[in-house]
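# Examining the three-dimensional arrangement
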Amino acid sequence: KYYLARLCECPMSKEKSVKVMLDFYAFEEDDNVKSMDSKIIAYFEKNEKSLSLKYGDCIALFASPDEVEKPPNPEQFDYKDYLYKKGVTHQVYLNSDAWIDIDYNDSNHIYRFSYWLRDFILETIKKLGVHDEEYAVAAAILLGYDDSLPQELRQKYVAAGAMHILCVSGLHVGVIFMVFSYMLIFLNERKKIQRVVKHLILLFLIWLYALLAGLAPSILRATIMLSFVIIGNVINKKGVVLNSLAASAFILLCVNPANLFDVGFQLSYVAVIGIVVLQVPISKMSYSKCKIVNKVWEITSVTISAQIATAPFTIYYFHQFPIYFWLSNLFMTPISSVVIIGGMIMLLIFFIPYVNVAVAWIVSKMIYVMNFGVSWIESLPYSIIKGLYINDIQFVVLLVMLLLLLLLIECKDVKLLLLIMVMSCIFLIVNVDINLKRNEQKEMIIYSINNTTAIDFISGGEHLILSDTVFINDKSAFSYNIENFLIKKGLYHAVKSKLLHEDFDEHFVRKRKN
C-alpha cells in the first residue's frame with residue numbers, strides 16, 4: 001500500500017527534521033489506485049534527500065499516517081485541535097526509505113513564483129551582508145518569514161510587547177503603499193487614465209507583497225482594506241474605516257470560515273477596531289503646546305488603544321501581559337518604519353555595487369538597535385506579568401465590557417456605563433468562585449512527559465512537583481507540558497520542586513525512601 005502526495009507549501013527545516021504540509025490525492029489498495037483529498041503534516045528525516053524537496057513536488061510514501069493525538073496533560077496546548085481547525089487530522093514521520101520522489105511537480109504558478117521570489121529576496125539579503133539575528137528580524141519584518149527567528153529573541157519581543165512589529169500587518173502594507181506611491185508620483189497628472197494606471201500598479205504591488213508574506217490574516221485584512229481605499233480613490237468615493245474592516249472580515253470568512261478561530265485573525269481585527277474607536281478619545285486626554293510631546297502622546301495613544309482592545313485575548317490565550325508595551329512601541333514604531341523603507345530600498349537597488357552594501361549595513365545596524373532596545377526593555381523589572389488566568393465566562397464578560405465601552409464612546413449614552421458596572425460585578429463574582437475552589441483543591445497529578453517522571457501534589461494554594469533534575473531544569477519542557485495547568489490552578493507563582501530520591505516533609509505530603 002502506498003500514498004501519492006503533493007507538497008502544498010514550502011518545506012520548513014527544523015533541528016532534526018523537515019516539516020511540510022502534504023496534500024494526499026491518491027492511494028493504492030488491492031491493486032487499485034483510488035483518489036482521495038486530505039491534508040497531512042509530514043516530518044521527513046533531515047538529510048540531503050529531504051532538503052532538496054520544494055513546493056509542488058509529488059512523492060510516493062509507504063507509511064500510513066497516524067491520527068494526531070490529544071495532549072496527554074491537563075491544559076496542555078491542544079495541537080490536535082489546532083490542526084483540526086486548519087483541516088488537518090493526521091501526521092506521519094518518514095525516514096529516507098519510507099518515500100520516493102516521483103520526479104513530477106504540480107504547483108500553482110502564482111504561488112511557485114511568489115515562493116521563488118521570496119527565496120531570491122532572502123538570499124539577496126544574506127549576500128548583502130545581513131546575518132544572524134539581524135537577518136532573522138529582517139526576514140520577519142520585511143516578508144513575514146520567521147522560520148529562522150531564534151526562540152529566545154522571539155520571547156524578548158513578546159515580553160516587550162513588540163511582537164506585532166515582526167508580523168507583517170497594516171504598518172508594513174501602509175509603508176509599502178507610501179513608498180511606491182511616492183515613486184509613482186510622476187503619474188499624479190490630472191488625466192484620469194494616469195491616475196487609474198497608478199492605482200492599478202499600487203493594487204498589484206500590495207497584493208504581490210501580501211503573496212510574498214504568506215497571505216496571513218493580518219496582512220490580508222490590511223491589503224483588502226487598502227484595496228477598498230485605492231478603488232475608492234479611482235472612483236472618487238471615500239469610505240468608512242469600520243465598514244472596510246467589516247467587509248474585509250466578511251470576505252476572509254467567506255473564503256475560509258476557520259479564520260474565525262485563528263488567534264492572529266482575532267487579534268488583528270480587534271486591534272484595528274480599538275485604534276479606530278479609542279485612539280482619538282485617548283489622545284484628547286492630554287494636550288501640550290510642545291509639538292514633540294503631542295507627537296509622542298499620539299503614538300502612545302495608538303498603542304494604548306490597541307492594547308486595551310487586545311488585552312482580553314492576550315490574557316485568555318497567552319496568560320500574560322506586557323507592562324512596557326507603551327515604551328517599546330514609542331521607539332519601535334518609527335525605527336521599524338525606517339527599517340521597512342530601508343529594506344525596500346536595499347532590495348530595489350541590490351544590483352548597484354557598493355551602494356547596495358551600504359544601505360544593507362545601515363538596515364542591519366537599525367535592526368541591531370531594535371534588538372538591543374527590545375532586550376533592554378525585556379530586562380526591566382516586571383517587564384511582563386505572567387500567570388494571568390480568566391475562564392471562558394470571564395473572557396466573554398470582558399468582551400461584552402469592551403463592546404459596551406466602544407459603544408459608550410461612540411453613542412455617549414450614560415446607561416451603557418451602568419451595564420459596564422454590572423458586567424464588572426459578574427466578572428468579580430466569577431473570580432471569587434474560582435478562588436474559593438482553588439482554596440479547596442486537593443489533587444495528585446502524574447504527568448505524561450517523555451523520558452522522565454513528574455508527580456504533582458496539590459493542596460489549596462500550594463503544590464510540590466516530584467521529578468528529576470533534567471525536567472526541573474528544563475524550562476521549555478516545563479512550560480510546554482504543565483505551565484498552563486498550574487496557571488489555571490493559581491499555582492504558577494508557587495512552584496516548589498523536590499528530586500525523586502529525596503525525602504521531605506511538607507504539611508500536606510511526606511516522602512520516606514523510595
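Structure's up top.
Residues numbered from 1 in each chain as written. Predicted model: local features only at pLDDT ≥ 70, side-chain atom pairs only at ≥ 80, totals over all residues. Heavy atoms only, no water.

### Some details on the overall build of the chain
Broken down by element type, the chain carries 18 helices and 16 strands. Whereas a compact globule of 514 residues would reach a radius of gyration of roughly 24 Å, the chain reaches 26 Å, a difference of no more than 12%. Across the 514 residues of the chain, 44% fall into the buried class. A separation threshold of at least 6 residues defines the contact pool for the chain, and within that pool the share at least 24 residues apart is 65%. Accessible surface, the chain: about 28600 Å² in total, of which carbon and sulfur atoms supply 62%. Once the 48 positive and 48 negative side-chain charges of the chain are each reduced to a mean point, those two points are 11 Å apart. (Helix = DSSP H or I, 4+ residues; strand = E, 2+ residues; numbered from the N terminus. Rg over C-alpha atoms; globule rule 2.2 N^0.38 Å. Buried < 20%, exposed > 50% of the residue type's maximum accessible area, 1.4 Å probe, protein only. Contact = heavy atoms within 4.5 Å. Areas by Shrake-Rupley, 256 points an atom, 1.4 Å probe, with all protein chains shown as cover. Lys, Arg positive; Asp, Glu negative; His and termini not counted. Charge placed at Lys NZ, Arg CZ, Asp CG, Glu CD.)

### Topic: the environment of Ile 235
Residue position: Ile 235 is located in the loop between helix H8 (217–234) and helix H9 (241–255). Classification of Ile 235 by relative accessible area gives exposed; the value is 52%. In this structure the C-alpha to C-alpha distance between Ile 235 and Val 196, which are 39 residues apart in sequence, comes to 9.2 Å.

### Considering the sheet that holds strand S11 (residues 442–449)
The strand order across the open sheet built from 4 strands is S11-S12-S13-S14, with neighbouring strands paired in mixed fashion. Two strands bound the open sheet, and with one partner strand each, they are S11 and strand S14 (497–499). Each strand of the sheet is rotated relative to its neighbour by a mean of 20 degrees, with strand direction disregarded. Pairing analysis gives 3 bridges linking strand S13 (residues 462–467) to S14, with the strands arranged parallel. Bridging from a neighbouring strand, Leu 466 pairs with Lys 498 of S14. (Pairing = 2+ DSSP bridges. Axes fitted to C-alpha atoms, helices over the stretch in contact; angles between N-to-C directions.)

### Quick word on the pairing of strand S1 (residues 3–7)
A large share of S1 lies buried, amounting to 5 of its 5 residues. Here S1 shows no split at all, with Tyr 3, Ala 5 and Leu 7 on one side and Leu 4 and Arg 6 on the other all buried. Bridge analysis of S1 against strand S5 (residues 57–61) gives 4 bridges, and the strand direction is antiparallel. Note on S5: the bridge partner recorded for Arg 6 is Cys 58.

### A look at the pattern of salt bridges
Going through the model one piece at a time under the given rule, you end up with 14 salt bridges. In this structure, the salt-bridge partner of Asp 81 is Lys 85, at a minimum N-O distance of 3.2 Å. Accessibility expressed as a relative area gives 31% for Asp 81, which makes it partly exposed. According to the relative accessible area criterion, Lys 85 is partly exposed, its value standing at 35%. In this structure, the salt-bridge partner of Glu 506 is Lys 496, at a minimum N-O distance of 3.5 Å. In this pair, Glu 506 is assigned in the loop between strand S15 (504–505) and strand S16 (510–511) and Lys 496 in the loop between helix H18 (483–488) and S14, connecting sequence segments 10 residues apart. (Salt bridge = Lys/Arg side-chain N within 4 Å of Asp/Glu carboxyl O.)

### A word on the side chain of Gln 441
Note that Gln 441 resides in the loop between helix H15 (415–440) and S11. The exposure class of Gln 441 is buried, given its relative accessible area of 8%. Polar contacts involving the side chain of Gln 441 include one to the main-chain carbonyl oxygen of Lys 489, which spans 3.1 Å. With residues up to four places along the chain from it excluded, the contact list for Gln 441 reads Ile 458, Ser 459, Gly 460, Lys 489 and Leu 491. (Polar contact = N/O pair within 3.5 Å; in protein donor to acceptor, adjacent residues only side chain to side chain.)

### Focus on the state of the cysteines
Applying the stated criterion to the full structure yields 0 disulfides. Free of any disulfide, Cys 58 has its nearest cysteine sulfur in Cys 8, 11 Å distant. Overall, the relative accessible area of 1% leaves Cys 58 in the buried class. (Disulfide = S-S within 2.5 Å.)

### A word on the packing of H8 against helix H10 (residues 263–283)
It is the contact of H8 with H10, at a shortest axis distance of 8 Å, that shows an interaxial angle of 40 degrees. As far as their axial angle goes, H10 and H8 are oblique. Across from Pro 217, Ser 218 and Arg 221 in H8, the residues of H10 making contact are Phe 265, Ser 268, Tyr 269 and Val 272. Tallied by class, residues from the contact of H8 with H10 come to 4 nonpolar, 2 polar and 1 charged. (Parallel < 35°, antiparallel > 145°, perpendicular 65-115°, else oblique. Nonpolar A, V, L, I, M, F, W, Y, C, P; charged D, E, K, R; others polar.)

### Re the nonpolar core
One finds Ile 125, Val 137, Tyr 157, Met 346 and Met 370 to be the most contacted residues of the largest nonpolar core, which totals 60 residues. Listed by contribution, the elements that provide at least two residues to this core are helix H3 (109–127), helix H4 (132–143), helix H5 (151–159), helix H6 (170–183), helix H7 (192–212), H8, helix H12 (325–348) and helix H13 (355–379). Counting 19 residues, the second largest nonpolar core, distinct from the first, contains Phe 24, Leu 61, Leu 94 and Ala 98. (Core = buried A, V, L, I, M, F, W, Y, C linked by side-chain atoms within 4.5 Å.)

### Things to note about H8
Between the first and last C-alpha of H8 there are 26 Å, a value that for 18 residues agrees with the 26 Å anticipated at 1.5 Å per step. Here H8 lies mainly inside the structure; 13 of its 18 residues are buried. (Expected span 1.5 Å × (residues − 1).)

### Concerning a nonpolar patch on the surface
A cluster of nonpolar side chains, namely Phe 113, Trp 116, Phe 120, Phe 350, Phe 351, Ile 352 and Val 355, defines an oily patch on the protein surface of about 680 Å² accessible area. Of the residues forming the nonpolar patch, the biggest block, 3 residues, is contributed by H3. For Phe 351, the location among the structural elements is in the loop between H12 and H13. On the basis of relative accessible area, Phe 351 is assigned to the exposed category, the value being 57%. (Patch = residues over 30% accessible without salt bridge, like charges linked within 9 Å, V, L, I, M, F, W, Y side chains within 5 Å.)

### So, the side chain of Ser 244
With respect to the helices and strands, the residue Ser 244 is situated in helix H9. Of the residues examined, Ser 244 reaches a relative accessible area of 12% and is grouped as buried. Ser 244 has contacts with Met 225 and Phe 228, leaving out every residue within four places of it along the chain.

### What to know about the packing of aromatic side chains
Following the criterion strictly, the structure yields 21 aromatic pairs and no others. The interplanar angle of 50 degrees and the centroid separation of 5.3 Å between the aromatic rings of Tyr 3 and Phe 24 together place this pair among those described as tilted. One end of the pair, Tyr 3, is in strand S1; the other, Phe 24, is in strand S3 (residues 17–29), with 21 residues separating them in the sequence. Phe 24 carries the same exposure label as Tyr 3, and that label is buried. Grouped by ring-pair contacts, the aromatic residues Phe 113, Trp 116, Phe 120, Phe 350 and Phe 351 constitute a single cluster. Geometry around Trp 99 places Lys 49 over its ring, the cationic atom sitting 4.2 Å from the centre. (Phe/Tyr/Trp six-rings, centres within 6.5 Å; stacked < 30°, edge-to-face > 60°. Lys NZ or Arg CZ within 6 Å of the ring centre and 35° of its normal.)

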